[in-house]
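# Geometric and topological summary
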Amino acid sequence: MWRLARFTASSLGLSRRFSTAIPGPCIVHKRGADILHDPWFNKDTGFPLTERDRLGLRGLLPPRVISFEQQYARFMESYRSLEKNTQGQPDSVVSLAKWRILNRLHDRNETLYYRVLIDNIKNFAPIIYTPTVGLVCQNYSGLFRRPRGMYFSAKDKGEMMSMIYNWPSEQVDMIVLTDGSRILGLGDLGVQGIGIPIGKLDMYVAAAGINPQRILPVMLDVGTNNQKLLEDRLYLGLRQPRLEGEEYLSIVDEFMEAVFTRWPKAIVQFEDFQMKWAFETLQRYRKKFCMFNDDIQGTAGVALAGLLGTVRAQGRPLSDFVHQKIVVVGAGSAGLGVLNAAVQAVSRMSGNSEAAVKNQFFLIDKDGLITKERKNIDPAAMPFAKDLKDVEGLREGANLLEVVKKVKPHVLLGLSGVGGIFNEEVLRAMRESDSPKPAIFAMSNPTMNAECTAADAFKYAGENIVFASGSPFQNIDLGNGKVGHVNQANNMYLFPGIGLGTLVSGARIITDGMLQAAAECLASYMTDEEVQRGILYPSIDSIRHITAEVGAAVLRAAVAENLAEGHGDVGPKELRNMSKEETVHYVTRNMWFPVYSPLVHEK
Ligand SMILES: NC(=O)C1=CN([C@@H]2O[C@H](COP(=O)(O)OP(=O)(O)OC[C@H]3O[C@@H](n4cnc5c(N)ncnc54)[C@H](O)[C@@H]3O)[C@@H](O)[C@H]2O)C=CC1
Ligand SMILES: CC(=O)C(=O)O
Ligand SMILES: [Mg+2]
């Protein structure tokens with residue numbers, strides 16, 4: 001049962017008032033200490049006297065009832081004292097201390113946790129998401145206190161169909177799944193990669209208002225090839241090399257079958273799989289199950305929106321995108337996803353075939369510029385390999401500096417996972433770019449893996465650049481009142497809306513059309529005035545608003561493709577008849593918002 005409530009702009013971090021859904025009374029079958037130990041129901045000292053009486057809580061709590069607002073203020077006070085007390089300590093120590101205090105609240109009282117997260121998303125996203133989540137994964141075995149999510153391992157083969165019923169929630173809407181094989185730019189972290197699905201799903205709750213009772217972080221532990229972890233006596237995962245080939249795929253197949261048998265309407269987001277499995281599983285499942293790969297498809301949409309923004313920032317019409325020279329550094333799942341989306345966009349804009357519009361793109365991997373001369377070229381990178389006759393003065397394997405000097409690109413975009421690879425020389429070479437406003441996108445995560453820092457980009461490539469990074473950096477003070485704006489080009493601007501829009505449309509698959517709608521929505525979100533100032537993406541403070549817009553765009557695309565089967569009591573016909581504004585309202589109405597709901601019916 002759902003009631004509508006109206007919240008003020010400040011309580012939701014939104015630019016305008018809008019309605020969202022809060023749960024009505026829920027019936028709790030537990031009693032006494034079991035309720036206090038269940039973070040979903042727990043209100044700590046906030047239980048009103050009637051609930052204490054009727055749920056067997058009398059005497060289990062100190063007598064005074066503390067309001068939600070007071071609890072909130074108390075938590076924020078503790079958080080600020082922690083900030084004060086850790087001043088001067090190394091960043092990693094401070095970040096982990098902040099993660100611990102948030103995680104403890106998450107373990108204890110989910111309503112309060114998600115409320116502080118939503119209201120302080122700008123400050124807390126870097127803790128629960130990138131960059132700190134990377135550090136958490138690296139130290140996971142030591143930080144582990146209580147399990148969160150589900151673990152399916154190679155040893156569970158044949159058991160997954162029954163195991164899936166061990167999850168206590170009746171309904172699951174959103175699953176984020178990893179095999180831990182490529183965690184951010186940190187490589188194979190095995191079972192410790194579970195931190196990523198947890199962080200992504202926290203963003204789902206904060207940004208998309210997915211009900212936290214209906215999320216499920218999942219680790220598929222098929223072993224690890226990380227020798228250090230295999231030798232670590234505290235390592236919590238399987239101590240065996242990663243499964244390969246059919247053995248690997250049979251584990252993923254079994255998991256997918258189990259999930260969709262129990263929850264046919266769930267959505268599975270694949271996250272941080274090494275490239276070969278990222279592409280293979282996407283092809284294998286995308287027409288069969290409701291799933292997408294965030295690193296390939298979410299990142300592509302966010303990068304494309306940013307690339308279109310850089311055209312507008314140059315004061316040029318969007319159609320000029322077809323003339324932009326773009327160097328992509330990193331030929332992995334993310335880099336190739338971006339290139340595929342960019343090629344599709346240019347092909348649409350120019351009316352030429354995809355094969356005919358690749359000249360403006362240059363792809364570099366660990367062995368330098370990829371050309372047709374390359375031996376054993378990865379099939380996924382093949383379409384972007386340069387013909388040497390089209391790149392006069394460049395050679396197979398040309399290094400990044402040579403390529404930048406020769407091509408003079410409008411955009412230099414890094415998805416290599418290699419920190420600092422956009423060094424002083426490379427950044428200085430971008431001063432000779434053919435663009436009046438060269439763009440530098442250092443998209444690798446976490447911060448230490450960014451291709452360059454914001455400060456270096458503005459210092460060496462010039463104050464006139466447009467800059468974006470995958471993890472957050474502070475804006476740069478350029479002196480004389482001028483500010484070098486730092487954008488966060490991160491798939492967090494799209495994946496929550498892709499998931500939410502798909503969920504409330506009731507579509508059973510996620511198509512290119514739905515993903516394209518998401519990217520176009522993000523691309524058109526900023527005003528010309530903002531884009532001229534180098535602001536390509538909205539502030540994370542307005543993440544719920546942008547997610548509602550993206551979700552509605554995804555939903556409308558699903559309707560247009562005749563895929564929307566409806567959700568809850570809203571059928572396909574009603575979805576078809578909704579105006580654009582009504583779809584945004586409908587999506588927003590389906591967002592969960594954390595408030596204490598009554599646990600007993602009023603007499
Ligand atoms: N900002 C965002 O939203 C996102 C950022 N990423 C980041 O992108 C990075 C890469 O992710 P994936 O593509 O999935 O990884 P991947 O492992 O599939 O690909 C990495 C690519 O970088 C290349 N590379 C390695 N060393 C290089 C060097 N020295 N010079 C040039 N290229 C080099 C490799 O050859 C490979 O092609 C990670 O750091 C990840 O965190 C990924 C997805 C989204
Ligand atoms: C942001 C993200 O998905 C990544 O770095 O892998
Ligand atoms: Mg990822």
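As a convention, each chain's residues are numbered from 1 in the sequence order in which they are written. Key to labels: chains lettered from A, ligands numbered from 1, both in the order written. This being a predicted model, a pLDDT of at least 70 is required before a residue's local features are given, and a value of 80 or more before pairs of side-chain atoms are given or counted; all residues contribute to the totals for chains, interfaces and linings. As a rule here, side-chain values cover all heavy atoms of the structure and leave hydrogens and water aside.

Salt bridge, as used here, is a side-chain nitrogen of Lys or Arg placed within 4 Å of a carboxyl oxygen of Asp or Glu. Following the criterion strictly, the structure yields 31 salt bridges and no others. With its nearest N and O atoms 3.2 Å apart, the salt bridge here joins Asp 44 to Arg 108. With Asp 44 in the loop between α2 (33-36) and α3 (49-54) and Arg 108 in helix α5 (residues 91-108), this residue pair connects regions lying 64 residues apart in the sequence. A salt bridge links Asp 367 to Arg 374; the nearest nitrogen and oxygen atoms lie 4.0 Å apart. The class of Asp 367 is partly exposed, set by a relative accessible area of 44%. Connected through shared salt-bridge partners, Asp 365, Lys 366, Asp 367, Arg 374 and Glu 396 make up one network. Each helix corresponds to a stretch of at least 4 residues labelled H or I by DSSP, and each strand to a stretch of at least 2 residues labelled E; elements are numbered beginning at the N terminus. Think of it in three bands: with a 1.4 Å probe and only protein chains considered, a residue is buried below 20% of the maximum accessible area for its type, exposed above 50%, and partly exposed in between.

Attention now goes to the coordination of the magnesium ion (ligand 3). At this site the magnesium ion (ligand 3) is bound by Glu 271 (OE), Asp 272 (OD) and Asp 295 (OD), with donor distances of 2.1 Å. Metal donors: N, O and S atoms at distances within 2.8 Å, or within 3.2 Å for Na, K and Ca, with water omitted from the atom set so that some sites may seem incomplete. All donors to the magnesium ion (ligand 3) come from one chain, and their sequence spacing reads E-D-x22-D. With Asp 272 in the loop between β6 (267-270) and α14 (275-285) and Asp 295 in helix α15 (residues 294-313), this residue pair connects regions lying 23 residues apart in the sequence. Using a relative accessible area of 2% as the deciding quantity, one classes Asp 272 as buried. A relative accessible area of 6% means that Asp 295 is categorised as buried.

This brings us to the side chain of Arg 148. Position of Arg 148 among the secondary structure elements: in the loop between α9 (140-143) and β3 (150-153). Here the side chain of Arg 148 touches His 106 through a polar contact of 3.2 Å, side chain to side chain. For Arg 148, the side chain forms a polar contact with the side chain of Asp 107, separated by 2.5 Å. Polar contacts, as used here, are pairs of N or O atoms within 3.5 Å; protein pairs need one atom able to donate a hydrogen and one able to accept it. Residues neighboring in sequence count only if both atoms are side-chain atoms.

This part takes up the UniProt feature "binding site: a divalent metal cation" (unreviewed entry) in the chain. UniProt positions are given in the numbering used here, feature names are shortened, and annotations may be inferred rather than shown by experiment. In this numbering, the UniProt entry assigns the feature "binding site: a divalent metal cation" (unreviewed entry) to Glu 271, Asp 272 and Asp 295. Spanning 25 residues, the named residues nonetheless gather at one spot, since no C-alpha pair among them exceeds 6.7 Å. Beyond its immediate chain neighbours, meaning those up to four positions away, Asp 272 contacts Thr 178, Asp 179, Gly 180, Ser 181, Arg 182, Ile 183, Leu 184, Ile 196 and Asp 295. A distance of 3.0 Å separates the side chain of Asp 272 from the backbone nitrogen of Leu 184, its partner in a polar contact. Any two residues having at least one pair of non-hydrogen atoms within 4.5 Å are treated as being in contact. Setting aside residues no more than four positions away along its own chain, Asp 295 makes contact with Arg 182, Phe 270, Glu 271, Asp 272, Phe 273, Ser 333, Ala 334 and Asn 491.

Time to look at the site of ligand 2. One heavy atom suffices: a residue is near a molecule or strand as soon as one of its heavy atoms comes within 4 Å of it. By nearness alone, every residue bordering ligand 2 is listed as Tyr 129, Arg 182, Leu 184, Lys 200, Glu 271, Asp 272, Asp 294, Asp 295, Asn 445, Asn 490 and Asn 491. One of the side-chain N or O atoms of Lys 200 is found 3.0 Å from an oxygen atom in ligand 2. Take Glu 271: an N or O atom from its side chain is 3.0 Å from an oxygen atom of ligand 2. We get accessible surface area from the Shrake-Rupley algorithm with a probe of 1.4 Å; when it comes to residues, only the shown protein chains can shield them. Out of a free accessible area of 210 Å², ligand 2 has 90% covered by protein chains. Grouping the amino acids of the shell around ligand 2 by side-chain chemistry returns two nonpolar, three polar and six charged. Classification used: nonpolar for Ala, Val, Leu, Ile, Met, Phe, Trp, Tyr, Cys and Pro, charged for Asp, Glu, Lys and Arg, polar for all others including Gly.

What follows concerns the domain arrangement of the chain. Start and end positions for the domains come from either an automated domain assignment or a database one. On domain assignment, one finds that the chain holds domain 1 (97-289), domain 2 (298-487) and domain 3 (493-590). Computed from C-alpha coordinates alone, the two centres of domain 1 and domain 3 are separated by 25 Å. On the domain 3 side, the residues contacting the 23 residues of domain 1 number 18 residues. By convention, the term buried area covers the 1.4 Å-probe accessible surface removed from two parts as they join, with the contributions of both added. Of the roughly 1,700 Å² buried between domain 1 and domain 3, counting both surfaces, carbon and sulfur atoms make up 64%. Three residues, Ala 207, Ile 267 and Arg 286, lead the burial of domain 1 against domain 3; their summed loss comes to 30% of the area buried on that side. Where domain 1 meets domain 3, there are one salt bridge. Close ionic contact of Asp 512 with Arg 286 constitutes a salt bridge, the shortest N to O distance being 3.2 Å.

Glancing now at the nonpolar core. Here, the term nonpolar core denotes a set of buried Ala, Val, Leu, Ile, Met, Phe, Trp, Tyr and Cys residues that are joined through side-chain atoms within 4.5 Å. In terms of nonpolar packing, the biggest core is built from 175 residues, with Phe 255, Met 256, Phe 321, Leu 413 and Phe 441 touching the most fellow members. With 11 residues, the top contributor of residues to this core is helix α23 (residues 543-560). If you look at the next biggest cluster of nonpolar residues, it comprises 32 residues, including Val 329, Val 407, Val 426 and Met 430.

What follows covers the site of ligand 1. The immediate surroundings of ligand 1 are formed by 26 residues, with Arg 182, Ala 331, Ser 333, Ala 334 and Asn 491 found nearest. Contact between ligand 1 and Ser 333: an oxygen atom at 2.7 Å from a side-chain N or O atom of the residue. Compared with its free state, where it exposes 870 Å², ligand 1 has 84% of that area covered by protein. Taken together, the elements giving at least two residues each to the shell around ligand 1 come down to α15 and α16 (333-350). The residue inventory of the shell around ligand 1, partitioned by class, reads 10 nonpolar, 12 polar and four charged. Both domains that meet at the shell around ligand 1, namely domain 1 (97-289) and domain 2 (298-487), each give it at least three residues.

Here we come to the UniProt feature "active site" (unreviewed entry) in the chain. In this numbering, the UniProt entry assigns the feature "active site" (unreviewed entry) to Tyr 129 and Lys 200. These annotated residues cover 72 residues of sequence, and their C-alpha atoms lie no more than 7.0 Å from one another, placing them together at a single site. Assignment of secondary structure puts Tyr 129 in the loop between α7 (121-128) and α8 (132-138). Overall, Tyr 129 belongs to the buried group, its relative accessible area being 5%. We classify Lys 200 as buried; its relative accessible area is 5%.

A cis amide bond links Thr 130 with the next residue in sequence, Pro 131, at an omega value of 10°. Checked against the element boundaries, Pro 131 lands in the loop between α7 and α8. For the bond running from Asn 445 to Pro 446, omega is -10°, close enough to zero to count as cis. By the element assignment, Pro 446 lies in the loop between β12 (439-442) and α19 (454-461).

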